[in-house]
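Analysis of the macromolecular model
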Amino acid sequence: NTIDNSYIVATFYVSLLAFVVLSVLRHRTSNSVSHSRKIGYGNVLKNRSDSTHGELFRRPYGDADADFIIVGAGVAGAALAYTLGKEGCKIRVIERDLTEPNRIVGELLQPGGYLKLIELGLEDCVEEIDAQRIHGYVLFKDGKNTKLSYPLEKFHSDVSGRAFHNGRFIQGMREKAATLPNVELEQGTVTSLLEDEGTIRGVKYKTKSGEVMKAFAPLTIVCDGCFSNLRRSLCKPQVDVPSCFVGLVLKNCELPYPNHGHVVLADPSPILFYPISSSEVRCLVDIPGQKLPSLSNGDMLRYLKTIVAPQVPCEVHAAFMAAIESGDIRTMPNRIMPASSVPTPGALLLGDAFNMRHPLTGGGMTVALADIVVLRDLLKPLHNFSDADSLTKYLESFYTLRKPMASTINTLAGALYMVFCASPDQARKEMQEACFDYLSLGGACSTGPVGLLSGLNPSPVCLVLHFFAVAVYGFGRLMLPLPTPKRIWLGVRLILGASWIILPIIKAEGMMQMFFPARVPAYHRAHSKKGSK
């Protein structure tokens, strides 16, 4: 009890310290926002490749091809097309390739994302694709493991995570969107946005047959994925690639804990296992950096066999080796990009084209679906989209209203990845050990962080408190049985290291929008519009 009380007291003081740090960062962010307002938007990007400068192609909005043009029909684009189409809007979707995608990410939908899927009326898209229910995670470290269940007690029995083949899920949403008479899906490659005097009027694209066409709409929503070629026209992206995934499919493999994601805290970085069908398990091996061992000369096979295989759970070792021997090995860069869109009249970014986080926690689809719910609710009261400037100003509230879910999942993904990676630094090792043991305590120490990760409790404040509680827990353990100077110094480094991990991520996400959304002027525009209706 004495030890527990000391942890509680220490948690209080560290939480107080965290609050002070957040207040300081808030002050700096306020100054930064004020400075940006003084500068204005005069330096908005000039790299849109098809600017007409008032040429006669501009037509009245009554002659527009649709209410909205959606570029891309992946998870975000297909879900958005159905959602806005169901509201009665005329939608035109232009997708580069309408055949079923084959990807190694976008296969795990958190329970919070499944709730958003229900809210959008798309839950049946996971019904007939052999999707597997996911009830939580199991962490493996140094021969130990701990089971972390989603806090689903307050929800309907159907609510859980879902894991599936990404392509099957996307095709299901495309087919459902295409059933609406006011939604048109077309295969084509959008080459540029059409700009007229600072406003995006539509897109130029090349059809499947090679014909160059133009399409016009009051609002163009770009969701063409992580490799977006239009992103730079609408924002100044800061893309980081901290690691790459190497993807394998394990056939007829029984996981140690059915219906759970398995995370192995390996050296140098985590290994993931989760079922994607009744007979297949996805394995994702994280390799830090952008340079991968070569597949062509056999370096990748040697790496997987000698470095990775000895660290996987014994129950899946044989299936893992068989997957390596099959040669069906795919890779994917893991990209991180904070949301930093420049408000542009007539256009909006969404999905991975807009915001990316490390896929370790499987939160990307949950964020995208939550964003679509926010955007739908913002657009629902509007009946006229013709005033591009007013619409853009109104939609600025989108960037703040999306923050609770997006910033919680983004921050947690980045912080957990750094904690879960092996490090020669003793303080980082202590942080990883403290995180594993903290989660193993059960109760609020388990359900709290898992609720954040799953999208069931999107709360940036709770995230910060739990993160620093882990650091305090690690500090407290170091003080036992006797707080020597060496142990105290290591504990201080642990606390500082935790701060250096999470505070830059919070800064990139936006301090004001995360913790003080009511202080952001755009936040109130949506509420005033709803109130007027």
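Residues numbered from 1 in each chain as written. Predicted model: local features only at pLDDT ≥ 70, side-chain atom pairs only at ≥ 80, totals over all residues. Heavy atoms only, no water.

The name given to the chain in an unreviewed UniProt entry is Squalene monooxygenase, with the source organism recorded as Ambrosia artemisiifolia. As recorded by UniProt, the Cofactor (unreviewed entry) comment attached to the chain reads in full: "FAD". What UniProt records for the chain under Subcellular location (unreviewed entry) is the sentence "Membrane". (UniProt positions renumbered as here; feature names shortened; annotations may be inferred.)

1. Some thoughts on the overall build of the chain
Helix and strand counts for the chain come out as 16 helices and 18 strands. Evaluated residue by residue, the chain yields a buried proportion of 55% over its 533 residues. Put simply, of all contacts in the chain between residues at least 6 apart along the chain, 74% involve residues at least 24 apart. Surface exposure of the chain reaches about 23000 Å², of which carbon and sulfur atoms provide 55%. (Helix = DSSP H or I, 4+ residues; strand = E, 2+ residues; numbered from the N terminus. Buried < 20%, exposed > 50% of the residue type's maximum accessible area, 1.4 Å probe, protein only. Contact = heavy atoms within 4.5 Å. Areas by Shrake-Rupley, 256 points an atom, 1.4 Å probe, with all protein chains shown as cover.)

2. A short note on empty space enclosed by the protein
Counted according to the given criterion, the structure contains three cavities of 30 Å³ or more. By volume, the largest cavity amounts to about 310 Å³. Together, 23 residues line the largest cavity, and Leu412, Leu416, Phe420, Leu439 and Pro449 are the ones closest to its centre. Looking at the lining of the largest cavity element by element, the count peaks at five residues for helix α10 (residues 403-420). A breakdown of the residues in the lining of the largest cavity according to their chemical character gives 21 nonpolar, two polar and no charged. (1 Å grid on protein atoms, 1.4 Å probe; cavity = no way out; pocket = protein on both sides within 12 Å on 5 of 7 lines; lining within 4 Å. Points joined across faces, edges and corners; volume = space filled by probe spheres on them. Nonpolar A, V, L, I, M, F, W, Y, C, P; charged D, E, K, R; others polar.)

3. What to know about the sheet that holds strand β8 (residues 161-163)
Within the open sheet, the three strands sit side by side as β4-β8-β5. Their pairing is antiparallel. Two strands bound the open sheet, and with one partner strand each, they are β4 (108-109) and β5 (132-134). Relative to β8, β5 is paired through three bridges, and the arrangement is antiparallel. Within β8, the residue paired with Gln132 across the bridge is Ala163. (Pairing = 2+ DSSP bridges.)

4. Some words on the pairing of strand β10 (residues 199-207)
Burial within β10 is extensive, with seven of its nine residues counted as buried. Taking the residues that link successive antiparallel strands as the turn, the strand β9 (residues 183-196)-β10 hairpin has two residues, and the phi of Glu197 there is positive, at about 55 degrees. With five bridges connecting them, β10 and strand β11 (residues 212-216) associate as antiparallel partners. Opposite Val203, over in β11, you have Ala215 as the bridge partner. Connecting β10 to the antiparallel partner β11 that follows it, the hairpin turn spans four residues, and Gly210 within it adopts a positive phi of roughly 100 degrees.

5. Quick look at the pairing of strand β14 (residues 261-264)
Alternating residues of β14 divide into Gly261 and Val263 and His262 and Val264, and every residue in both groups is buried. Across four bridges, strand β6 (residues 136-141) lies against β14 in parallel orientation. Residue Leu139 lies in a different strand from β14, and its bridge partner there is Val263. Hairpin connection between β14 and strand β15 (residues 271-275): a loop of six residues separates the two successive antiparallel strands.

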